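Residue-level structural notes
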Amino acid sequence: AKSDHRRQFRSYEPVMLANHTALKQLDHDLEKGLKEGQFTLHYQPKIDLQTGLVVSVEALLRWHHPDRGNVPPDMFIPRAEANGTIIEIGDYVLREACRQAQHWREHGHPTLTMAVNLSTVQVYQADLLERVKQALTQSGLPAEALELELTESGLMQDMDTAVSVLRQLVELGISLSVDDFGTGYSSLAYLRRFPVDALKLDKRFVQDLEAGAGEEAETVAEAVLAMARSLSLICVAEGVETPAQAAWLKERGCQQAQGYLYGRPLPPEQCEKLLGPQAGS
Ligand code: C2E
Ligand code: CA
Ligand code: CA
Ligand code: CA
């Protein structure tokens, strides 16, 4: 019980995040984590539901704090957004994900694409385009192999600015997905304005898709699929954990899926095994 108590005290509990001293500690730890290379990336495959093949991987940020252990992104990204460190952290993610993608493309997976999550703070940061271009140039990754995931709520914050940022990214050749789709308020009319290629159906709806358990989830999923179809966008379902969920989605025309059923987010060496046979072997 003693060690439990200590572990609780040392981790970032939500109650601590409401506490000024704890927040200052977290701010300090984030800066230090950046400097000391405590951040890494895991990768999770995206599967083509028709072929069952991996078409892409998504980079997911991991933070291993030397004392606090693994801190989940939901626990520190909001604070990193509030104190601005997300800009440097996001820059690391972009550069490292592009480097890894290009490495895989040059080592047997020539058509692999990489998806990177962009914080809303990055979307509205004046030098985003420069940073993205730099990550591409430094890694040699073609823009066509990079996909950026932006949240629905982020795009709605300042639509005119978001549209103009997105247009510039698309002009480079990058493709764009709307993440956590279904949780917000985007109507078809709004969505039309954004030059995006894919909608990611949020996992909270996917999880309830089975065995009539979630009428509401089915309604949302069907609406998102219909919206994607009418705008000629790809629909990607996240959080697919069971064959029944996958079958439900596939029957209704969902093109891609991601989730524990196919593979958890993994360190690069382990994710590589999921990428399928090497070309030419
Ligand atoms: P997200 O972009 O919606 O990512 C999907 C989350 O669902 C990930 O959580 C992933 O590990 C988890 N997941 C994947 N498959 C399944 C499944 O089958 N079942 C369940 N229950 N969960 C699944 P994670 O890695 O903890 O990331 C949480 C969120 O943190 C992400 O949600 C994203 O919003 C944010 N995030 C992660 N990495 C980055 C990053 O590099 N930059 C930014 N700005 N945000 C990031
Ligand atoms: Ca995502
Ligand atoms: Ca795409
Ligand atoms: Ca999500």
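A brief report on the enclosed structure follows. (Residues numbered from 1 in each chain as written. Chains lettered and ligands numbered in written order. Predicted model: local features only at pLDDT ≥ 70, side-chain atom pairs only at ≥ 80, totals over all residues. Heavy atoms only, no water.)

**Remarks on the layout of surface pockets**
In this structure, the largest pocket spans a volume of roughly 1,200 Å³. Residue lining of the largest pocket: 40 residues in total, with E58, L60, D74, N117 and D179 positioned closest to the centre. Listing elements by their share of the lining of the largest pocket, those giving two or more residues are β2 (54-65), α4 (73-83), α5 (85-106), α6 (120-123), β5 (146-151), α8 (152-157), β6 (175-181) and α11 (203-206). Tallied by class, residues from the lining of the largest pocket come to 13 nonpolar, 13 polar and 14 charged. (1 Å grid on protein atoms, 1.4 Å probe; cavity = no way out; pocket = protein on both sides within 12 Å on 5 of 7 lines; lining within 4 Å. Points joined across faces, edges and corners; volume = space filled by probe spheres on them. Helix = DSSP H or I, 4+ residues; strand = E, 2+ residues; numbered from the N terminus. Nonpolar A, V, L, I, M, F, W, Y, C, P; charged D, E, K, R; others polar.)

**So, the coordination of the calcium ion (ligand 2)**
Around the calcium ion (ligand 2), the protein contributes the donor atoms E58 (OE), N117 (OD1), E149 (OE) and D179 (OD), which lie 2.2 to 2.4 Å from the metal centre. Here the donor residues of the calcium ion (ligand 2) are spaced in sequence according to E-x58-N-x31-E-x29-D. A separation of 5.7 Å is found between the calcium ion (ligand 2) and the calcium ion (ligand 4). Pair noted here: E58 is in strand β2 and D179 is in strand β6, with a separation of 121 residues, a long-range link. Each member of the pair, E58 as well as D179, is classed as buried. (Donors = N, O, S within 2.8 Å, 3.2 Å for Na, K, Ca; no water. Buried < 20%, exposed > 50% of the residue type's maximum accessible area, 1.4 Å probe, protein only.)

**Focus on the nonpolar core**
Formed by 77 residues in total, the largest nonpolar core has its most connected members in M114, L146, L148, L169, I174 and L249. Examining the composition of this core, we find that 9 residues originate from one element, α5, more than from any other. Excluding its chain neighbours within four sequence positions, the residues that come into contact with L146 are L94, C98, M114, V116, V132, L136, L141, I174 and S175. (Core = buried A, V, L, I, M, F, W, Y, C linked by side-chain atoms within 4.5 Å. Contact = heavy atoms within 4.5 Å.)

**With respect to empty space enclosed by the protein**
In total, this model carries 1 cavity of 30 Å³ or more according to the counting rule given. In terms of lining residues, the largest cavity is bounded by I87, G90, D91, L94, Q122, Q125, D127, L128 and R131. Within the residue set of the lining of the largest cavity, elements represented by two or more residues are α5 and α7 (128-139). When residues in the lining of the largest cavity are grouped by element, the largest group, 4 residues, is from α5.

**Some words on the pattern of salt bridges**
The full count for this structure, using the stated rule, is 17 salt bridges. Here E222 ties to R252 by a salt bridge, and the two come within 3.4 Å at their closest N and O atoms. On the criterion of sequence distance, the pair formed by E222 in helix α12 (residues 215-230) and R252 in the loop between α13 (243-251) and β9 (256-257) is long-range, its members being 30 residues apart. According to the relative accessible area criterion, E222 is partly exposed, its value standing at 38%. (Salt bridge = Lys/Arg side-chain N within 4 Å of Asp/Glu carboxyl O.)

**Some thoughts on the site of ligand 1**
Near ligand 1 lie 23 residues; those nearest to it are Q44, R62, K203, E241 and Y260. Here K203 contributes a side-chain N or O atom positioned 3.0 Å from an oxygen atom of ligand 1. Relative to its unbound accessible area of 800 Å², ligand 1 is 86% covered by the protein chains. The site holding ligand 1 turns out to be the largest pocket. When residues of the shell around ligand 1 are traced back to their parent elements, those giving at least two are β2, α4 and β6. The greatest single-element share of the shell around ligand 1, amounting to 4 residues, is contributed by β2. Residue classes in the shell around ligand 1 are distributed as 9 nonpolar, 6 polar and 8 charged. (Near = heavy atom within 4 Å. Polar contact = N/O pair within 3.5 Å; in protein donor to acceptor, adjacent residues only side chain to side chain. Areas by Shrake-Rupley, 256 points an atom, 1.4 Å probe, with all protein chains shown as cover. Sits in = over half its atoms within 2 Å of the grid points.)

**Topic: the packing of α7 against helix α9 (residues 159-172)**
Two packed helices can be described by the angle between their axes and the distance between those axes. Their axes nearest at 10 Å, the elements α7 and α9 cross at an angle of 20°. In terms of their interaxial angle, α7 and α9 are classed as roughly parallel. At the point where α7 passes α9, the crossing takes the right-handed sense. When α7 is examined against α9, the residues L128, L129, V132 and K133 are found in contact with a partner set consisting of V165, Q168, L169 and L172. Residue composition of the contact of α7 with α9, grouped by class: 6 nonpolar, 1 polar and 1 charged. (Axes fitted to C-alpha atoms, helices over the stretch in contact; angles between N-to-C directions. Parallel < 35°, antiparallel > 145°, perpendicular 65-115°, else oblique. Left-handed = near helix turned anticlockwise from the far one by under 90°.)

**Here's the deal with the packing of helix α3 (residues 20-35) against α5**
At a closest axis distance of 11 Å, the pairing of α3 and α5 adopts a crossing angle of 25°. Compared by their axis directions, α3 and α5 come out roughly parallel. The two elements α3 and α5 meet at a crossing, and its hand is left-handed. Along its contact with α3, which presents L30, E31 and L34, the element α5 presents T85, E88 and I89. Split by residue class, the contact of α3 with α5 holds 3 nonpolar, 1 polar and 2 charged.

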